[in-house]
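These are the residues of each chain, in order.
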Amino acid sequence: LYAALRRGEALALRRSDIDMDTRLIHVTKAIRYESNQPVIDKPKTKTSVRDVPLLSQVADAIPADIDYFMSSVDGKPCTEMAFKRGWASYLHTLSEAAGHPVNIRPHDLRHSYCTMLRDSGVEMKLAMQWMGHADEKMILRIYDHITTKRIEKSVEMVEKNLASSQNGSQK
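Note that the structure is a prediction, hence the values are computed from the model and not measured.

1. Examining the packing of aromatic side chains
Summed over the entire model, instances satisfying the criterion amount to two aromatic pairs. Between phenylalanine 83 and tryptophan 87 the ring centres are 6.2 Å apart and the planes differ by 20°, which places this aromatic pair in the stacked class. In this pair, phenylalanine 83 and tryptophan 87 are both assigned in helix 3 (residues 80-98), four residues apart and thus about one turn of the helix distant. Accessibility classification places phenylalanine 83 together with tryptophan 87 in one group, the buried group. Taken together, a centroid distance of 5.2 Å and an interplanar angle of 50° make the contact between tryptophan 87 and tyrosine 90 tilted. In this pair, tryptophan 87 and tyrosine 90 both sit in helix 3, three residues apart, roughly one turn of the helix.

The structure is reproduced here in structure tokens:
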């Protein structure tokens, strides 16, 4: 959620890919599956190779004694079926806590991250870089969602602008 990694990028993420000093996540590989078995490969596109800021909310939660962030019990990358079972278990836990069924896809977290960036005022070029996109079309068309927070902030800005332009000269 706080790094906009695609599923394969998240599954390939190792402790050595994170620089705690510079607070960066180095995205350089991804996992794809062949007959349920993980295969480490290049990320989806050239722009998918990137550095993503390591937010303090994430840095503080990273255990020091791990290799792969999502691994099987033997410490190796998890199989596709193990990931699906783990995700289903996560959704079950969320559903129990919410008191109703929660159904989200891992990729939905990229939408949330992008919307969070845009709500926070992050420039489009930075959002593109952190998301691993070559141009803004995909972000604008697919990932960035208008939120109540952004609408309220925009209305407030317009009202301030109108108030300052009138500046008492037009009543």
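2. Topic: the nonpolar core
Of all hydrophobic cores here, the largest spans 23 residues; its most connected members are Ile25, Tyr113, Met131 and Ile139. For this core, the element with the most residues is helix 5 (residues 124-131), which contributes five residues. Counting nine residues, the second largest nonpolar core, distinct from the first, contains Leu11, Phe83, Trp87 and Leu91.

3. Quick notes on the sheet that holds strand 5 (residues 50-53)
Strand order in the open sheet formed by three strands is 1-2-5, and the pairing between neighbours is antiparallel. Where the open sheet ends on each side, the last strands, each with one partner, are strand 1 (18-19) and strand 5. Pairing analysis gives two bridges linking strand 1 to strand 2 (residues 24-27), with the strands arranged antiparallel. What sits directly across from isoleucine 18, in strand 2, is isoleucine 25.

4. Some details on the environment of threonine 147
Positionally, threonine 147 belongs in the loop between helix 6 (136-143) and helix 7 (148-166). Expressed as a C-alpha distance, the spacing of threonine 147 and aspartate 119, which sit 28 residues apart in the sequence, is 7.6 Å. Every residue in contact with threonine 147, bar those within four places of it in the chain, is listed here: Thr115 and Asp119.

5. A word on the pattern of salt bridges
Scanning the entire structure with this criterion turns up 12 salt bridges. The closest approach of N and O atoms between aspartate 17 and lysine 29, which form a salt bridge, is 2.8 Å. Of the two residues, aspartate 17 sits in the loop between helix 1 (7-12) and strand 1 while lysine 29 sits in the loop between strand 2 and strand 3 (30-34), which places them 12 residues apart along the sequence. Here aspartate 17 matches lysine 29 in class, with each residue buried.

Cut-off values and rules
- Residues numbered from 1 in each chain as written.
- Predicted model: local features only at pLDDT ≥ 70, side-chain atom pairs only at ≥ 80, totals over all residues.
- Heavy atoms only, no water.
- Phe/Tyr/Trp six-rings, centres within 6.5 Å; stacked < 30°, edge-to-face > 60°.
- Helix = DSSP H or I, 4+ residues; strand = E, 2+ residues; numbered from the N terminus.
- Buried < 20%, exposed > 50% of the residue type's maximum accessible area, 1.4 Å probe, protein only.
- Core = buried A, V, L, I, M, F, W, Y, C linked by side-chain atoms within 4.5 Å.
- Pairing = 2+ DSSP bridges.
- Contact = heavy atoms within 4.5 Å.
- Salt bridge = Lys/Arg side-chain N within 4 Å of Asp/Glu carboxyl O.

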